[in-house]
Amino acid sequence: MKPIKDLLTIGALSDADILSILDNAIAMKEIFTKSVKKVPVLKGKSVLTLFYEPSTRTRSSFEVAADRLSADITTFSVSTSSVVKGESVQDTIDTLMSMKMDYIIVRHKNSGIPGIIAKHSKAAVINAGDGSHAHPSQAFLDAFTIREKFGEVAGKRIIIIGDILHSRVARSTSLILKRLGAEVAYMGPGPLVPPTAHTGITRFTNWEQAFAWQPDVLYMLRVQNERMDAPFFPAGDYHKAFGVTTERLERIAGENLVIMHPGPVNRGVELCDEAMDYSNSLINTQVENGIAARMSILYHLSPQTKNHD
Ligand code: CP
């Protein structure tokens with residue numbers, strides 16, 4: 001397998017890379033949940049997390065993953081940095097490059113920023129979410145979670161429900177699931193579901209159609225109000241039309257149908273409170289598996305930093 005330096009999108013990976021990262025995540029989960037808490041795989045390597053947008057799961061999960069692999073971690077706090085004095089992304093990156101990091105994990109509101117950093121750096125760059133474009137580590141943890149639950153991804157039916165338009169998760173997760181042989185459908189308010197005519201993705205407009213399709217996974221998404229200049233649908237209608245309500249939860253009770261969500265959840269909007277505690281909710285498992293998937297990603301990449309100059 002050809003070594004790869006960066007993880008920017010799922011589309012840039014070969015099938016062999018995808019399968020290798022998923023297979024190794026099984027061993028990584030074994031390491032951090034059971035026997036040894038730490039292995040010396042990245043001993044002496046430096047990892048920088050650079051988040052220009054807020055994050056709870058992705059940043060802490062990458063930091064725990066790097067720690068479990070014995071790397072040295074530096075957290076760059078944008079809100080207390082010279083970025084607030086007006087320093088540009090380019091100048092910030094140039095400054096941080098001089099610190100000779102081996103891995104840079106970056107999240108930014110603009111699509112393409114991780115790719116620009118990767119082009120100018122010998123460090124392995126991981127896209128931790130760029131605008132509405134891509135979130136490949138989320139895709140890996142989602143695929144890993146579905147594989148773990150059902151034994152395989154091929155043939156499974158996953159319906160992604162909500163604000164698809166602004167969702168980098170929908171883009172990356174649907175891509176990896178389709179590469180692994182799953183069937184994927186989208187559902188949400190019309191203006192928030194992009195046309196799917198040539199994507200091989202089915203499109204539904206209501207729950208009756210969705211249930212008739214007999215999905216294995218309801219993958220719920222948050223409405224990303226922060227990426228909208230004006231509301232895309234009337235406030236108050238969303239939960240009734242597209243959320244997992246208590247009635248819909250009762251309807252699926254006892255079925256082998258799981259609920260997933262990348263987080264953060266807006267309770268009472270995409271999910272009723274009860275759905276969070278639903279026995280077939282994999283939301284907490286996704287978080288746990290995020291560490292294993294990210295350990296495997298860090299292990300898989302090859303920074304070109306041996307000679308940093
Ligand atoms: N799923 C996800 O990206 O969550 P955070 O925004 O908390 O990192």
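The text that follows walks through the structure, step by step, so that each part is easy to find. (Residues numbered from 1 in each chain as written. Predicted model: local features only at pLDDT ≥ 70, side-chain atom pairs only at ≥ 80, totals over all residues. Heavy atoms only, no water.)

What to know about the packing of aromatic side chains
Put simply, the rule reads: Any two of the Phe, Tyr and Trp rings considered here, Trp counted by its six-membered ring, make a pair once their centres fall within 6.5 Å; the pair's planes then place it as stacked at under 30 degrees, edge-to-face at over 60, or tilted in between. Type-normalised accessible area, obtained with a 1.4 Å probe on protein chains alone, sets the label of each residue: buried when under 20%, exposed when over 50%, and partly exposed for intermediate values.
This model, assessed by the stated rule, comprises 3 aromatic pairs. Ring geometry for Phe204 and Trp213: centres 5.5 Å apart, planes at 65 degrees, overall edge-to-face. Classification of Phe204 by relative accessible area gives buried; the value is 11%. With centroids separated by 5.3 Å and ring planes inclined at 35 degrees, the aromatic side chains of Trp207 and Phe211 adopt a geometry described as tilted.

What to know about the sheet that holds strand β5 (residues 157–161)
Selection criterion: A strand pair is defined by DSSP finding two or more bridges across the two strands. Here a helix means four or more residues in a row that DSSP labels H or I, a strand means two or more in a row labelled E, and each is numbered from the N terminus. Every axis in this analysis is a line fitted to C-alpha atoms, fitted for helices over the stretch in contact. Angles between the N-to-C directions lie between 0 and 180 degrees. Any two residues having at least one pair of non-hydrogen atoms within 4.5 Å are treated as being in contact.
An order of β7-β6-β5-β8-β9 is seen for the 5 strands of this open sheet, with the pairing classed as parallel. Every other strand in the sheet has two partners, leaving β7 (202–204) and β9 (258–260) as the edge strands with one partner each. Within this sheet the neighbouring strands show an average axis-to-axis angle of 25 degrees, counted without direction. Two strands pair when backbone bridges link them, and β5 and strand β6 (residues 183–187) are joined in this way by 5 bridges, in the parallel orientation. The residue of β6 that forms the bridge with Arg157 is Glu183. Each of β5, β8 (217–220) and β9 touches helix α5 (residues 136–150); the most contacted strand, β9, lies at about 165 degrees to it.

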